[in-house]
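# Working through the structure, step by step
Below, each chain spelled out in residue letters.
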Amino acid sequence: MNIMDINLEKVSESQIIELCEFAKEIWTEHYLPIIGQKQIDYMLDKFQSERAVKNQINDGYLYYFIKADSEKCGYIALHPENDSLFLSKFYIHKSFRGNGIGKRTFDFVKDLAGQFNLSKIKLTVNKYNSDSVSIYEKLGMKNVDSVVSDIGNGFVMDDYIFEYSLG
């Protein structure tokens, strides 16, 4: 695949259900060995259900499908916050990983942060998600902190906080 042929397409309201189904497929494959099915199901309902995504969009989150050769291969969600762009979701389907799509998508995120005149990009990543941690480090992000967040129902998110400074 020619990785030059990726583009990001803003998710429309009519595509939210499609996004949620895609999220379920990616999350189940990726997170099962890290957090288990019960927490995946809970988090999908809390953060990636149709209701949750609609609420996030109403709160200013921007969702984009990542497409390679017109085929949906991942998605991101972004939210401008003070001086930073919060990269809330950054997921690439397993069949497309390792093709440079993440780097090209991160270039898009950096450009968007610049358009918003924001000085940094922030994200949280599960401490045991070693593949993603490694990728964020390769993209030039720095691990600046860690946080354990109670998300309800007896579950927590045990995350590192990563930042990328622009300019």
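Up top you'll find the structure we're talking about.
These lines cover the structure that appears in this document, whether it is placed above or below.

About the cut-offs
Residues numbered from 1 in each chain as written. Predicted model: local features only at pLDDT ≥ 70, side-chain atom pairs only at ≥ 80, totals over all residues. Heavy atoms only, no water. Helix = DSSP H or I, 4+ residues; strand = E, 2+ residues; numbered from the N terminus. Rg over C-alpha atoms; globule rule 2.2 N^0.38 Å. Buried < 20%, exposed > 50% of the residue type's maximum accessible area, 1.4 Å probe, protein only. Contact = heavy atoms within 4.5 Å. Areas by Shrake-Rupley, 256 points an atom, 1.4 Å probe, with all protein chains shown as cover. Lys, Arg positive; Asp, Glu negative; His and termini not counted. Charge placed at Lys NZ, Arg CZ, Asp CG, Glu CD. Pairing = 2+ DSSP bridges. Right-handed = clockwise from strand over helix to strand, strands pointing away.

### Focus: the overall build of the protein
Scanning the protein for helices and strands turns up five helices and seven strands. Sequence-ordered secondary structure for the protein, helices as α and strands as β, is β-α-α-α-β-β-β-α-β-α-β-β. At 15 Å, the protein has a C-alpha radius of gyration in line with the 15 Å of a compact globule built from 167 residues. In terms of overall dimensions, the protein has C-alpha extents of about 40 × 35 × 30 Å along its principal axes. Classification of the 167 residues of the protein by burial places 46% in the buried group. The long-range fraction of contacts in the protein, counting pairs at least 24 apart against all pairs at least 6 apart in sequence, stands at 61%. Here the protein has roughly 8,800 Å² of accessible surface; of this, 46% comes from carbon and sulfur atoms. One finds the centroid of the 19 positive side-chain charges in the protein at a distance of 2 Å from the centroid of its 24 negative side-chain charges.

### Focus: the pairing of strand β5 (residues 120–126)
Taken across its seven residues, β5 has five buried, putting it largely inside the fold. As paired strands, strand β4 (residues 84–92) and β5 are joined by three bridges and run parallel to one another. Note on β5: the bridge partner recorded for Phe86 is Lys122. In terms of handedness, the path from β4 via helix α4 (residues 101–115) over to β5 forms a crossover that is right-handed. Where β5 lies against strand β7 (residues 155–165), seven bridges are found, and the strand directions are antiparallel. Each residue of the ladder has a partner; that of Lys122, found in β7, is Glu163.

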